[in-house]
Amino acid sequence: MRKTILILSSLALLASGCNKVETEEKSRQEETPGHLTVDIKVGYEGETRSVKTGWETGDKIYVVFDSYFTDDLTVGTSETAYYLTLTYNGSSWNSSFSDRALEEYLLDPEHASGQLAAAYSTAWQATDFKYESGSIGNVKIARLIPTSKSATPGMFLYAQNVDYSVTDGKLTATLNMSIDNTVVHFFIPGISSTDSGRYSLKCDFLGYIACSYFMTSHWPSDENYRAPAVNHPDYFDRTIPATACQDGAYFCASLHSSARGKSIQYYFQIIDNNGTEIETDDYVRSMTVTTTLNGRDAIALPSLDDERWNTVGKHGFTNDHEWVEVNGVKWATMNVGADAFDDALNAVGFLLNWEDVYDLVLSENSFNYWGKDWRLPTTEEWNSLISSELGKKCVFRKYYENSDNFRRWEIVAPDGLTKLYFPRGIGYQDENGDFKNTSRSYYWTKSYDVFSFDDNNASNPASPLSQDKSGEVNRRCKLAIRLVATE
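Note that the coordinates shown come from a computational prediction; the quantities given were computed from them, not determined experimentally.

S.K.: Mind showing me how you'd approach the overall build of the protein here?
M.R.: For the protein, the count of helices and strands is four helices and 40 strands. Counting only residues that meet the buried cut, the protein has 52% of its 487 residues in that class. Looking at the protein as shown, the accessible area adds up to about 22000 Å², and 44% of this sits on carbon and sulfur atoms.

Structure representation (structure tokens):
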């Protein structure tokens, strides 16, 4: 797993007030001789005011019946797809059949009752479906898949295993539309509809939900297809695109089963791709929050200009280790062996003598090999952090968890966005294993000089200390390690 910095552990999630608005409207279709009258009640319990609170004019719900998906279920694919469309007109639902054959199927007394499935998706506002058949192992499947916008991000609502009946030419059913139990919505205010396409969310335990489709199946021992269901594949190795909505944008995510109901540390990254596919110009905001999600949660995150978001400019990964670029140098975001960046004990990582740096980190046979594209920084590269040259001067500042608990140094690059973090000092270990100068932290350089941070010097905490074998810090002393990427 890639280790990253830019974590704000003290923030609590901002739960949007869940105003639950229940709406129930009937569908209507003019009574015409030889045609089916549709009388379907549509209910929806609004999950969050940040995503959707009720039906809007133009909303469409698609409905499938039994396994009657097309005229010939034995074909592999077909452009003929049978479904009912319900369109909201502001006060009720208008209905239309994709094909007269479905209407005739439902008018047949043999199909006077059965089960249906229904789905609403923000990606399906104007679409058609196609039929596909196939198999998964020895299970045969049939499905209706939207022919367009199938990969468009957004939210969806569904109902399945719903009983319907047809009496005296009238189709009746009740749809209680709801989000899936695994779905979590994250809302960020202030993102315009024109900019929403630039943003995506990345977080462990949260997956991308592909646009759902209708599916039914049967086993070899069962001649009949099962009742239709709504399928929504989840991808936990993909970022989650933003969807524009009123006053901002939201991210519709699937919560991994291993995280449901557990207190988890979530590391949220909001990625702004700047309108390109080049990762190195991505602008990333990040935040760490520890909370418990159960599914069907609605979470409002701070606006992107909120100072609780940590930011990073040019960044990337080399051999699964993250770097940020400061004054042209790609610095690793954490010390070698560190599990965090903001805790003194876990952020220091390994303390190694000069030989062990090469034997245990930079050697291909080492147990913690970072790869040939990483090396110790030179003295000049360390000095670039304290450069007084116009346009290259970084800002050093202390970060306190509270008023009296100093945790780390933050170095803000000249661009004002990129940040580099170093833990507060714990000193170095001498040849006897004793810690010395615990108000400072020491780092090796490529040329066997030492670079250190002085916790007592807020104006200029960093300074180079030239060392030789007879100096205070010799090759047998153990220091912290921060590497730079060479590519």
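After that view, the rundown keeps rolling.
S.K.: Even after reading the chapter, I still don't get empty space enclosed by the protein, so can you show me in this structure?
M.R.: A water-sized probe, rolled over the atoms, reveals where empty space remains. The full count for this structure, using the stated rule, is two cavities of 30 Å³ or more. Within this model, the largest cavity holds a volume of roughly 50 Å³. Ser121, Gly154, Met155, Phe156 and Cys211 are the residues nearest the centre of the largest cavity, which is lined by 12 residues in total. In terms of residue class, the lining of the largest cavity is made up of seven nonpolar, five polar and no charged. Within this model, the second largest cavity holds a volume of roughly 40 Å³. Lining the second largest cavity are Asn335, Val348, Leu351, Pro423, Arg424, Gly425, Ile426, Gly427, Ser441, Tyr442, Tyr443 and Ala480. Top contributing element to the lining of the second largest cavity by residue count: strand 36 (residues 440-444), with three residues. A per-class count over the lining of the second largest cavity returns seven nonpolar, four polar and one charged.

S.K.: Would you explain the sheet that holds strand 28 (residues 329-332) in this entry?
M.R.: Sheet strands pair via backbone hydrogen bonds, and the direction of the pair is either parallel or antiparallel. Spatially, 26-27-28-40-30 is the arrangement adopted by the five strands of the open sheet, whose pairing is antiparallel. Two strands lie at the open edges of the sheet, namely strand 26 (315-318) and strand 30 (374-375), each paired on one side alone. Where strand 27 (residues 321-326) meets strand 28, four bridges bridge the pair, whose relative direction is antiparallel. If you follow Val326 over to strand 28, its bridge partner there is Val329.

S.K.: Help me out: how do you make sense of the sheet that holds strand 32 (residues 406-412) in this one?
M.R.: Read across the sheet, three strands follow the order 31-32-33 without closing on themselves; strand pairing throughout is antiparallel. Two strands close off the open sheet at either side, each with one partner strand: strand 31 (395-400) and strand 33 (419-423). Neighbouring strand axes in the sheet, compared pairwise and without regard to direction, differ in orientation by 30° on average. With six bridges joining them, strand 31 and strand 32 adopt antiparallel strand pairing. Following the sheet pairing, Lys398 is matched in strand 32 by Trp409.

S.K.: In this structure, what is going on with helix 1 (residues 100-107)? I would like to understand it.
M.R.: Considered for burial, the residues of helix 1 that qualify are Ala101, Leu102, Glu103, Tyr105 and Leu106. Looking at the packing, one finds that the buried side of helix 1 touches strand 4 (60-65), strand 6 (84-88), strand 7 (93-97), strand 11 (156-167) and strand 12 (170-177).

S.K.: When you look at the side chain of Ser200 in this model, what are you seeing that I'm missing?
M.R.: Summarising the element assignment, Ser200 is placed in strand 14 (residues 199-202). With residues up to four places along the chain from it excluded, the contact list for Ser200 reads Thr239, Ile240, Pro241, Ala242, Phe251, Gln269, Ile270 and Ile271.

Rules of the game
Residues numbered from 1 in each chain as written. Predicted model: local features only at pLDDT ≥ 70, side-chain atom pairs only at ≥ 80, totals over all residues. Heavy atoms only, no water. Helix = DSSP H or I, 4+ residues; strand = E, 2+ residues; numbered from the N terminus. Buried < 20%, exposed > 50% of the residue type's maximum accessible area, 1.4 Å probe, protein only. Areas by Shrake-Rupley, 256 points an atom, 1.4 Å probe, with all protein chains shown as cover. 1 Å grid on protein atoms, 1.4 Å probe; cavity = no way out; pocket = protein on both sides within 12 Å on 5 of 7 lines; lining within 4 Å. Points joined across faces, edges and corners; volume = space filled by probe spheres on them. Nonpolar A, V, L, I, M, F, W, Y, C, P; charged D, E, K, R; others polar. Pairing = 2+ DSSP bridges. Axes fitted to C-alpha atoms, helices over the stretch in contact; angles between N-to-C directions. Contact = heavy atoms within 4.5 Å.

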